[in-house]
Amino acid sequence: MLPANHPLVDGRTSGSRLIRAYRGDRPEVTPVWFMRQAGRSLPEYRELRVGTRMLDACLTPELASEITLQPVRRHGVDAAIFFSDIVVPVLLAGVGVEIVPGKGPVIEHPIRTASDVTALRPIDPDTLAPIAEAVALTVAELGQTPLIGFAGAPFTLASYLVEGGPSKEHLRARTMMYSDAHSWATLLNWCADVSGQFLLAQVRAGASAVQLFDSWVGSLSEQQYVRRVAPHSARVFSHLRGYDVPKVHFGVGSGELLPAMRAVGADVVGVDWRLPLDEAERRLGGGVPLQGNIDPALLGAPWRILEAHLDDVLGRGLAAPSHVVNLGHGVPPETDPDVLTRVVEYVHGRS
């Protein structure tokens with residue numbers, strides 16, 4: 001159960017636009033937030049990060065909290081998303097990983113064999129104390145604005161571990177999936193448990209919703225996903241059993257997988273820019289709250305083009321019982337922050 005001082009229990013966020021929309025109730029004003037809204041597009045973020053490595057920033061509670069709050073102050077978005085990285089729980093579980101500027105997470109010793117998998121150790125919940133502290137600091141400042149916790153889905157985490165870093169086709173990971181099904185399942189269970197504990201720490205400390213990111217799931221067929229990935233994503237959400245927080249599931253290139261991704265236990269489905277929201281709702285069978293799906297490329301287009309696109313997204317979002325406006329992926333680092341602020345104002349004004 002959620003503690004008595006949790007924002008969803010004491011009423012701070014339970015009636016917010018975001019939580020109402022996540023629960024399927026369309027508020028008078030459409031809520032909006034952006035994936036990667038905290039980070040490289042903000043000059044105040046770049047100034048704050050000078051001389052500090054990414055993972056050190058994630059594990060310094062005061063710094064992580066301040067970075068989380070920056071876009072809420074600047075843009076007036078309807079939610080904060082906790083500033084961290086999907087590999088943070090992997091690091092805390094003892095796996096050597098570094099986030100290399102311009103490249104992303106790089107694994108010191110990639111997982112390539114059955115013995116590599118069995119050498120992995122469970123995460124110690126006590127190592128998540130900096131995460132809980134950062135969340136608590138943030139929630140205390142946010143007031144009635146909800147904080148969204150997040151984690152990486154097992155397939156994306158496992159792909160990083162097997163590939164050793166970012167990959168376009170995830171060939172090593174998909175090869176392991178077929179050639180050593182037992183090790184694959186064991187690895188994904190381990191990933192599910194570290195991500196599940198990561199989410200649980202955020203929820204207990206005050207996060208009002210969670211989002212599970214499966215950034216690389218678009219490389220899978222529906223059959224591959226259902227048979228060899230979906231049960232492990234469901235295992236992530238199982239760590240939140242008994243905690244009544246809305247759960248969002250988002251994947252890049254996941255148009256063919258949306259019903260299966262919802263079936264793992266998601267209340268809300270995030271949609272990338274490739275699939276119109278009304279078509280996504282049709283594929284989901286109706287009655288599913290949606291999140292998305294502004295094309296990030298259009299943030300750099302002339303305003304009249306972006307405005308027409310926003311109107312289209314808002315119009316198609318009416319097919320769902322409720323709609324949270326977001327990007328179809330993250331904020332590009334070169335984005336003008338004033339454009340994001342203008343998008344928020346426009347969405348709120350058009351509601």
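Bear in mind the structure is a predicted one, so any value in this text is a computation, not a measurement. (Residues numbered from 1 in each chain as written. Predicted model: local features only at pLDDT ≥ 70, side-chain atom pairs only at ≥ 80, totals over all residues. Heavy atoms only, no water.)

Caption draft 1: The arrangement of the sheet that holds strand E9 (residues 323–327) in detail. The sheet built from seven strands is open, its strands ordered E1-E4-E5-E6-E7-E8-E9 with parallel pairing. Looking at which strands have only one partner, the edges of the open sheet turn out to be strand E1 (80–81) and E9. Bridge count between E1 and strand E4 (residues 147–152): two bridges; the pairing is parallel. Considered in E4, the bridge of Ala80 is made with Leu147. (Pairing = 2+ DSSP bridges. Helix = DSSP H or I, 4+ residues; strand = E, 2+ residues; numbered from the N terminus.)

Caption draft 2: The arrangement of the layout of surface pockets in detail. Computed from the structure, the largest pocket encloses a volume of approximately 1300 Å³. Surrounding the largest pocket, 41 residues form its lining, Arg36, Arg40, Met54, Asp85 and Pro105 being those nearest its centre. Elements represented by at least two residues in the lining of the largest pocket include exactly helix H2 (43–49), strand E2 (97–100), strand E3 (104–107) and helix H8 (154–163). Broken down by element, the residue count for the lining of the largest pocket peaks at three residues, all from E2. (1 Å grid on protein atoms, 1.4 Å probe; cavity = no way out; pocket = protein on both sides within 12 Å on 5 of 7 lines; lining within 4 Å. Points joined across faces, edges and corners; volume = space filled by probe spheres on them.)

Caption draft 3: Layout of the packing of aromatic side chains. Counted under the stated rule, the structure contains seven aromatic pairs. Consider the rings of Tyr45 and Phe83, whose centres lie 5.8 Å apart with planes at 65°: the pair is edge-to-face. You can see Tyr45 sitting in helix H2 and its partner Phe83 sitting in the loop between E1 and helix H5 (88–92), a full 38 residues away along the chain. There is no split in this pair, since Tyr45 and Phe83 are both buried. A ring pair is formed by Phe150 and Phe198, whose centres lie 6.1 Å apart and whose planes are at 75°; its orientation type is edge-to-face. Of the two residues, Phe150 is situated in strand E4 and Phe198 in helix H10 (residues 181–205); the sequence distance between them amounts to 48 residues. A cation sits over an aromatic face here: Arg274 above Trp273, 4.1 Å from the ring centre. The ring of Trp303 has Arg342 lying over it, and the distance from NZ or CZ to the ring centre is 4.0 Å. (Phe/Tyr/Trp six-rings, centres within 6.5 Å; stacked < 30°, edge-to-face > 60°. Buried < 20%, exposed > 50% of the residue type's maximum accessible area, 1.4 Å probe, protein only. Lys NZ or Arg CZ within 6 Å of the ring centre and 35° of its normal.)

Caption draft 4: Looking closely at the packing of H8 against H10. Between H8 and H10, whose axes approach to 9 Å, the crossing angle comes to 115°. In terms of orientation, H8 lies roughly perpendicular with respect to H10. The way H8 lies across H10 gives a crossing that is right-handed. Facing Pro154, Phe155, Leu157, Ala158, Leu161 and Val162 of H8, the residues of H10 in contact are Trp184, Leu187, Leu188, Trp190, Cys191, Ala192, Val194 and Ser195. (Axes fitted to C-alpha atoms, helices over the stretch in contact; angles between N-to-C directions. Parallel < 35°, antiparallel > 145°, perpendicular 65-115°, else oblique. Left-handed = near helix turned anticlockwise from the far one by under 90°. Contact = heavy atoms within 4.5 Å.)

Caption draft 5: View of the packing of helix H9 (residues 171–179) against H10. Where H9 contacts H10, the two axes come as close as 5 Å, and the packing angle between them is 120°. Here H10 runs oblique to H9, going by the angle between their axes. Contacts from Ala173, Met176, Met177, Tyr178 and Ser179 in H9 reach Ala181, Trp184 and Leu187 in H10. A breakdown of the residues in the contact of H9 with H10 according to their chemical character gives seven nonpolar, one polar and no charged. (Nonpolar A, V, L, I, M, F, W, Y, C, P; charged D, E, K, R; others polar.)

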